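Fold and geometry: a report
Okay, here's what each chain looks like letter by letter:
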Amino acid sequence: MMFHTPSKTVKLDPNDSARPSAFMQLAVRLQTEHEQLKASCVSLGELSARTAASNGDYGTLQMLKELRMQAEELLKELERHAKWEDEELFPVFSRYYKQKDEPTILPSLWVLEKDHELALQFFESFLQSSRTLIGMLMLDQGRPDLTLMKLLKDGCDQLTQGCLILTGHFQMEEELIFPLAEEILTDLDYLFS
């Protein structure tokens, strides 16, 4: 399996290893989940932009409801993914680097965690504003006024920003983790070959 980062391509192949390992499976799972989450962020960002640009008719209400539902689904997936990383993936890296006379990766993981938290704040902001906006759009009998449309655009912009931060977060995490994964796998191959 090939892992692509802006600076290089890392090849992690369970079939091209002296000893395929549970760690290899963790690395492959990380890439698979990141690809799915990034695709969800792109899709959600596109729906957010379309919703923000809508004209306030009945379709706007339906798009906003769909956007909110997809944002909540993505948050559930992110929570599951973050729990897996914290409980299974990052402890492996931390244990490995504690055994070496090298700086720990914990400060880098801390920075990544702060990015993640910031993105979640943008998502929460959107969810709060969208709850209010859905109620306002349902009560509106005609074409929504400019103030309501500005609130809609601002709420959608919050979600779009959260998606952009998450996409960058995944990219930075991959740039940190994949080279480390390659190093660990090389060490494992050396040890067991």
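Residues numbered from 1 in each chain as written. Predicted model: local features only at pLDDT ≥ 70, side-chain atom pairs only at ≥ 80, totals over all residues. Heavy atoms only, no water.

Of the regular secondary structure elements, the chain holds 4 helices and 2 strands. Sequence separation of 24 or more characterises 81% of the internal contacts of the chain that already satisfy a separation of 6 or more. Element-wise, carbon and sulfur atoms account for 56% of the exposed surface of the chain, whose accessible area totals about 10700 Å². (Helix = DSSP H or I, 4+ residues; strand = E, 2+ residues; numbered from the N terminus. Contact = heavy atoms within 4.5 Å. Areas by Shrake-Rupley, 256 points an atom, 1.4 Å probe, with all protein chains shown as cover.)

Bringing the UniProt feature "coiled-coil region" (unreviewed entry) in the chain into the picture now. The UniProt record annotates "coiled-coil region" (unreviewed entry) at residues 61-88. Secondary structure content for residues 61-88 is 100% helix and 0% strand, and the end C-alpha separation is 40 Å. (UniProt positions renumbered as here; feature names shortened; annotations may be inferred.)

Structurally, Ile184 is set in helix α4 (residues 146-192). By relative accessible area, which is 5% here, Ile184 ends up buried. Note: C-alpha distance between Ile184 and Val92 (92 residues apart in sequence) is 10.0 Å. (Buried < 20%, exposed > 50% of the residue type's maximum accessible area, 1.4 Å probe, protein only.)

Let us look at the nonpolar core. With 29 residues, the main nonpolar core has Leu44 and Phe123 as its most contacted residues. For this core, the secondary structure elements donating two or more residues are α1 (22-52), α2 (58-98), α3 (106-139) and α4. Excluding residues that lie within four positions of it along the chain, Phe123 makes contacts with Leu44, Ala71, Leu74, Leu75, Leu159, Gly162, Cys163 and Leu166. (Core = buried A, V, L, I, M, F, W, Y, C linked by side-chain atoms within 4.5 Å.)

Turning to the side chain of Ser54, a few remarks are in order. Position of Ser54 among the secondary structure elements: in the loop between α1 and α2. Engagement of the side chain of Ser54 in a polar contact is seen with the side chain of Thr60, the distance being 2.9 Å. Ignoring anything within four residues of it in the chain, the contact list for Ser54 reads Thr60, Met63, Met149 and Leu152. (Polar contact = N/O pair within 3.5 Å; in protein donor to acceptor, adjacent residues only side chain to side chain.)

Counted according to the given criterion, the structure contains 9 salt bridges. For Glu174, the salt bridge identified is with Lys38, shortest N-O distance 3.2 Å. In this pair, Glu174 sits in helix α4 while Lys38 sits in helix α1, placing the two residues 136 residues apart along the sequence. Pair check on accessibility: Glu174 and Lys38 agree, each one buried. In this structure, the salt-bridge partner of Glu72 is Arg68, at a minimum N-O distance of 3.4 Å. Within this pair, Glu72 and its partner Arg68 are both found in helix α2, separated by 4 residues, close to a single helical turn. On the accessibility criterion, Glu72 (32% relative accessible area) is partly exposed. (Salt bridge = Lys/Arg side-chain N within 4 Å of Asp/Glu carboxyl O.)

Another point: the confidence of the model for the chain. With 77% of its residues at a pLDDT of 70 or more, the chain shows a mean pLDDT of 82. Taking the mean pLDDT of every element in the chain, the minimum, 50, falls on strand β1 (residues 2-4) and the maximum, 91, on α1. (pLDDT = per-residue confidence, 0-100.)

Take His116: it is sitting in helix α3. Under the relative-accessibility criterion, His116 is labelled buried at 10%.

Negative charge collects at one region of the surface, where Asp86, Glu87, Glu88 and Glu113 lie side by side. For the negative patch, the element with the highest residue contribution is α2, accounting for 3 residues. Mapped onto the secondary structure, Glu87 falls in helix α2. (Patch = residues over 30% accessible without salt bridge, like charges linked within 9 Å, V, L, I, M, F, W, Y side chains within 5 Å. Lys, Arg positive; Asp, Glu negative; His and termini not counted. Charge placed at Lys NZ, Arg CZ, Asp CG, Glu CD.)

Another point: the state of the cysteines. In total, this model carries 0 disulfides according to the counting rule given. Free of any disulfide, Cys41 has its nearest neighbouring cysteine sulfur in Cys163, separated by 4.8 Å. (Disulfide = S-S within 2.5 Å.)

Let us look at the environment of Gln36. Positionally, Gln36 belongs in helix α1. Here Gln36 falls in the partly exposed class, since its relative accessible area comes to 49%. For the pair Gln36 and Glu77, spaced 41 residues apart in sequence, the C-alpha to C-alpha distance is 9.8 Å.

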